[in-house]
Amino acid sequence: MDYREAVLSFDCGGDALFGIVSVPAQPARRALLIVVGGPQYRVGSHRQFTTLARGLAAQGIASLRFDYRGMGDSHGAIRDFDVVGDDLRAAVDNLFKALPGIEEVVIWGLCDGASAAIFYAADDPRVTGLVLLNPWVRTSGGHAKATIKHYYRARLFDPELWKKILRGQFNVAAAASSFLRIAGAAFGKGKGGASGAAAPASLPDRMQAGLARFRGKVLLIISGADLTAQEFLDTAAASDKWQGLLAAPQVSRQTLPEADHTFSRRVWKDQVLGWTGDWLRSW
């Protein structure tokens, strides 16, 4: 299907934001807002967001990929992923203005882009779905436990590691010191706060609460070879609330066992594109 691309500029809190809208000749009623993750801009790692948007446009699905304030070409001060709600609302507002024929929006987010989408979605009735890739639930303890469970365990069975040790090419003392630091973060006790002071909710708890408020459909895509994804899965497995959310009928799950965090190989990007497009057309 033919499609066109155009620059979309719009205001957010007095700052100019910029994005690229990909528009098929006959766009579907459901459009996609691509939310970036980490300190990057609308193109994405290895042009991931660009190829996703163009691939979906070729399937008849319009999308907008844009830069938060302070990132890429957009103006303003840089901000954390959990306080970009105004940026997302401005993007959704202007996507509807640019494409008056659409009726609803699905937000697609990788890493902390997925987390930002979760925080925002329940407060905008125009958002009817979320595509969440390797959601960011990072805590120091959770990351340390995931590293021990999924990295160090695999290293113990890696023949190349033992060859290096036998050849004297591996610094055992440095590795042991690093492991002890990580183990301390994973299993050590944190410092208590002031007496009677309530501890703030953790990022995983805030995300769980945000997703619990959302009534739309969810597609969860997980990379098998990614510590961020494994930390999310471990966090969810240890929580009855998270398990209940992910087992709900409106949640679909897909896993690419060999994929890295950003789905850097063409075959992985193509699979994510295929899953996203099929899911968007399935309801």
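Here, the structure is the one placed above.
Please read all numbers here as calculations on a predicted model, not as lab measurements.

Turning next to the overall build of the protein chain. Along its length, the protein chain carries ten helices and eight strands. Taking all 283 residues of the protein chain together, the buried fraction comes to 48%. A fraction of 71% describes how many contacts in the protein chain between residues 6 or more apart in sequence connect residues 24 or more apart.

In this section: the nonpolar core. Grouped together as the largest cluster of nonpolar side chains are 77 residues, with contacts concentrated most on Leu33, Phe66, Tyr68, Trp108, Leu130 and Phe263. Once you skip the residues sitting within four places of it in the chain, Phe66 turns out to touch Phe10, Leu17, Phe18, Gly19, Leu33, Ile34, Val36, Arg42, Asp87, Leu88 and Ala91.

This brings us to the packing of aromatic side chains. Counted according to the given criterion, the structure contains six aromatic pairs. Look at Phe232 and Trp242: their rings are 5.3 Å apart centre to centre, the planes differ by 80°, and that puts the pair in the edge-to-face class. Highlighted residues: Phe232 in helix α8 (residues 227-237) and Trp242 in helix α9 (residues 240-246), separated in sequence by ten residues. Among the aromatic residues, those joined into a ring-pair cluster are Phe10, Phe66 and Tyr68. One Lys or Arg, Arg30, reaches over the ring of Trp283 and ends 3.5 Å from the middle of that ring.

On to the pairing of strand β7 (residues 217-223). Of all seven residues that make up β7, six are buried, and the element is covered over most of its length. Note: strand β6 (residues 127-133) against β7, five bridges, orientation parallel. Considered in β7, the bridge of Leu130 is made with Val218. Bridge count between β7 and strand β8 (residues 251-256): six bridges; the pairing is parallel. Looking at β8, one finds that Ile221 is bridged to Gln254.

Attention now moves to the pattern of salt bridges. Going through the model one piece at a time under the given rule, you end up with 15 salt bridges. When the shortest N-O distance is used, the salt bridge between Arg29 and Glu103 registers 3.9 Å. Here Arg29 is found in the loop between β2 (15-24) and β3 (30-35), whereas its partner Glu103 is found in the loop between α2 (85-98) and β5 (104-110), with 74 residues between them in sequence. For Glu103, a relative accessible area of 52% gives the class exposed. We note a salt bridge from Arg89 to Asp124, for which the minimum N-O separation is 3.9 Å. Here Arg89 is found in helix α2, whereas its partner Asp124 is found in the loop between α3 (112-121) and β6, with 35 residues between them in sequence. On the basis of relative accessible area, Asp124 is assigned to the buried category, the value being 2%. Overlapping salt bridges bring together Arg29, Arg30, Glu103 and Glu104 as one network.

With that settled, consider the sheet that holds β3. Strand order across the open sheet formed by eight strands is β1-β2-β4-β3-β5-β6-β7-β8, with mixed pairing between neighbours. The two strands at the open ends of the sheet, each matched to only one other strand, are β1 (3-12) and β8. Going from strand to strand, the sheet's axes swing by 20° on average, the running direction of each strand aside. In the packing of helix α1 (residues 48-58) onto the sheet, contacts are made with β1, β2, β3, β4 (63-66) and β5, and the angle to β4 comes to roughly 165°.

Criteria and cut-off values
- Residues numbered from 1 in each chain as written.
- Predicted model: local features only at pLDDT ≥ 70, side-chain atom pairs only at ≥ 80, totals over all residues.
- Heavy atoms only, no water.
- Helix = DSSP H or I, 4+ residues; strand = E, 2+ residues; numbered from the N terminus.
- Buried < 20%, exposed > 50% of the residue type's maximum accessible area, 1.4 Å probe, protein only.
- Contact = heavy atoms within 4.5 Å.
- Core = buried A, V, L, I, M, F, W, Y, C linked by side-chain atoms within 4.5 Å.
- Phe/Tyr/Trp six-rings, centres within 6.5 Å; stacked < 30°, edge-to-face > 60°.
- Lys NZ or Arg CZ within 6 Å of the ring centre and 35° of its normal.
- Pairing = 2+ DSSP bridges.
- Salt bridge = Lys/Arg side-chain N within 4 Å of Asp/Glu carboxyl O.
- Axes fitted to C-alpha atoms, helices over the stretch in contact; angles between N-to-C directions.

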